[in-house]
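If you want the building blocks of each chain, they are given just below.
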Amino acid sequence: MRIFNYFILALLGLVSFMVGRTYLLLPSAAPVALIMPQAGEAETAHIAANLSRAITYKTISYGLDVAPDDAAFKGFHTFLATTYPNAHRVMEREIVSNYSLMYRWPAAEPKGKKPIALLAHMDVVPVPERGLGDWAHPPFAGVIDEAGKLWGRGALDDKGILISLMEAAERLARAGFQPDRDIFFLFGHDEELGGDKGAAVIAGLLKKRGIQLAWALDEGSAIAEGLIPGVKSPVALISLGEKGSVTLKFSAEDSGGHSSAPKAFTAASLAAKAGVAVTENPYPLVLDEHLEAMLLAIAPEMDFSKRLAIVNLWATRPLLAEQLAKSPTVGAFMHTTTAFTMMKSGTKTNILPQYGEALVNYRIHPRDSVASVTERARNIVDDERIMITNMGGGREATAMSSVSGKGYRLIAETIREQFGDIPLAPTLTVQGTDARHYGSVADGTYRFMPFVVGPDTLGQIHGTNEHISVVALARQVDFFEALIRRATGEHAP
Ligand SMILES: [Zn+2]
């Protein structure tokens, strides 16, 4: 009985400790609102007109086996040169692999500081013929409507960013700004196809020239609003790395025969069994330090019970990980995902197949690798009759850049200055970006786009009715101008 009393006492102590910690993260009185951009109406209209024109160049990436539209890409180059004369006066331009652009704004006086790089891509994904009718305005017309929305392919991904970078450079050059270190503006032409001719070649050139960047910033994550259940405030997410991917083929061969006299297995059943085995042995969910930082950043916006769980992760971690992973989108951040996507076997219902295959697509978390994924699959399947083939080599995940790196700090400070005191947290990008090519030539690579992504924005990227408000566009220019001043101005650290 006595032991039981002690137990109750200890439990009460524990509960008050957990609740006490919860009050450390008090919610703000109201959701934080975003600060309005600096640009006046005339300047905002001017910036919007430039993006509108940029969208009319059909710089489309159709596929690795389709040559880029020479006239569209070269036309786009000329458009940039004539639209941004001051930026072109202060920067050197190099054309890489015919269509990618490498601009260098040299330091006023070289002080030996490592350069920074601002990345964007000029190519866009195609608009499928059957989706055309669903667009409110034609995707390559660059229509600006009466509500102040600019419509077209690339408005968000990624011409809107490219144009904002050029607008910021133009504004700074016009004002006589002089950077204290080199700034690179690196614009790939084949990001949507993997960036092997653009970003990869540019990164190779930097390496060859012995240039190591302090940090690089690319697309990849943004300010999320209305995407995290229970969080009303916009949350700025800065991505530190991106997942890799690999597709494994599990195949089996068999002598075949007539279906009237089968063995206990067929080539089809063996392949299927392997696909099912890896699916039913998913990677463990890990609530790592980055996800923890994100949860802590948004905790003040959440209700008491959620705060209680987040602040006391030492006790709630496994349970919370399981809860969070109920959303597959959140689960994707917590482990290497396993998706059994394709199968092939058999020719006729009464013939035992001589061959069967199952294809499983993995999206690799930075803590795993193509080799470790393959090895783990081999151990799970554990069947000599199954051959495991790595399709196309796969793509490794990038390393995670540091949250204590200078680049992260500067980006975070600029976000707070330009958007207000919103929660800010590190994250992981689950798609590929050009930034992954710069891992070996930059001390840190970060991914952040200074716009707000809501529930309807996600469907627009690579989808239908891609658009941006002209106010948001003007805000992007402010952001990049502020970031450049902060990172390379007189008082830069
Ligand atoms: Zn993109």
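Heads up: these notes are all about the structure in this document. In this text the structure is predicted, and so the values were computed from the model without any measurement. (Residues numbered from 1 in each chain as written. Predicted model: local features only at pLDDT ≥ 70, side-chain atom pairs only at ≥ 80, totals over all residues. Heavy atoms only, no water.)

1. Regarding the packing of aromatic side chains
Line of reasoning, step 1. As enumerated under the stated definition, the model contains 11 aromatic pairs in all.
Line of reasoning, step 2. Centroid distance Phe 448 to Phe 479: 5.5 Å. Interplanar angle 55 degrees. Geometry classified as tilted. On the criterion of sequence distance, the pair formed by Phe 448 in the loop between strand E16 (445-447) and strand E17 (452-453) and Phe 479 in helix H15 (residues 470-488) is long-range, its members being 31 residues apart. We note that Phe 448, like Phe 479, is buried.
Line of reasoning, step 3. Positioned above the aromatic ring of Phe 76, the side-chain terminus of Lys 159 is 5.4 Å from the ring centre.
Line of reasoning, step 4. Across the ring face of Phe 265, the terminal group of Arg 385 is positioned such that the distance to the ring centre comes to 4.5 Å. (Phe/Tyr/Trp six-rings, centres within 6.5 Å; stacked < 30°, edge-to-face > 60°. Helix = DSSP H or I, 4+ residues; strand = E, 2+ residues; numbered from the N terminus. Buried < 20%, exposed > 50% of the residue type's maximum accessible area, 1.4 Å probe, protein only. Lys NZ or Arg CZ within 6 Å of the ring centre and 35° of its normal.)

2. Looking at the side chain of Glu 191
Line of reasoning, step 1. By the element assignment, Glu 191 lies in the loop between strand E5 (183-188) and helix H6 (199-208).
Line of reasoning, step 2. This buried residue, Glu 191, is left without a salt bridge; Arg 436 holds the nearest opposite charge, at 7.0 Å.
Line of reasoning, step 3. When residues no more than four places from it in sequence are discounted, the contact partners of Glu 191 are His 121, Asp 123, Glu 219, Gly 432, Thr 433 and Asp 434. (Lys, Arg positive; Asp, Glu negative; His and termini not counted. Salt bridge = Lys/Arg side-chain N within 4 Å of Asp/Glu carboxyl O. Contact = heavy atoms within 4.5 Å.)

3. Regarding the coordination of the zinc ion
Line of reasoning, step 1. The protein atoms that coordinate the zinc ion are His 121 (NE2), Asp 157 (OD), Glu 219 (OE) and Glu 219 (OE), at distances of 1.9 to 2.6 Å.
Line of reasoning, step 2. Taken together, the 4 donor atoms coordinating the zinc ion and their angles of 54 to 151 degrees define a geometry best described as irregular.
Line of reasoning, step 3. Mapping the donors of the zinc ion onto the primary sequence yields the spacing H-x35-D-x61-E. A residue pair is termed long-range when its members are at least 10 positions apart, and His 121 in strand E3 (residues 116-121) and Asp 157 in the loop between strand E4 (149-151) and helix H5 (159-174) qualify at 36 residues.
Line of reasoning, step 4. Asp 157 gets classed as buried once you look at its relative accessible area, which sits at 9%. (Donors = N, O, S within 2.8 Å, 3.2 Å for Na, K, Ca; no water. Tetrahedral: all angles 85-135°; square planar, octahedral: opposite > 155°, others 65-115°.)

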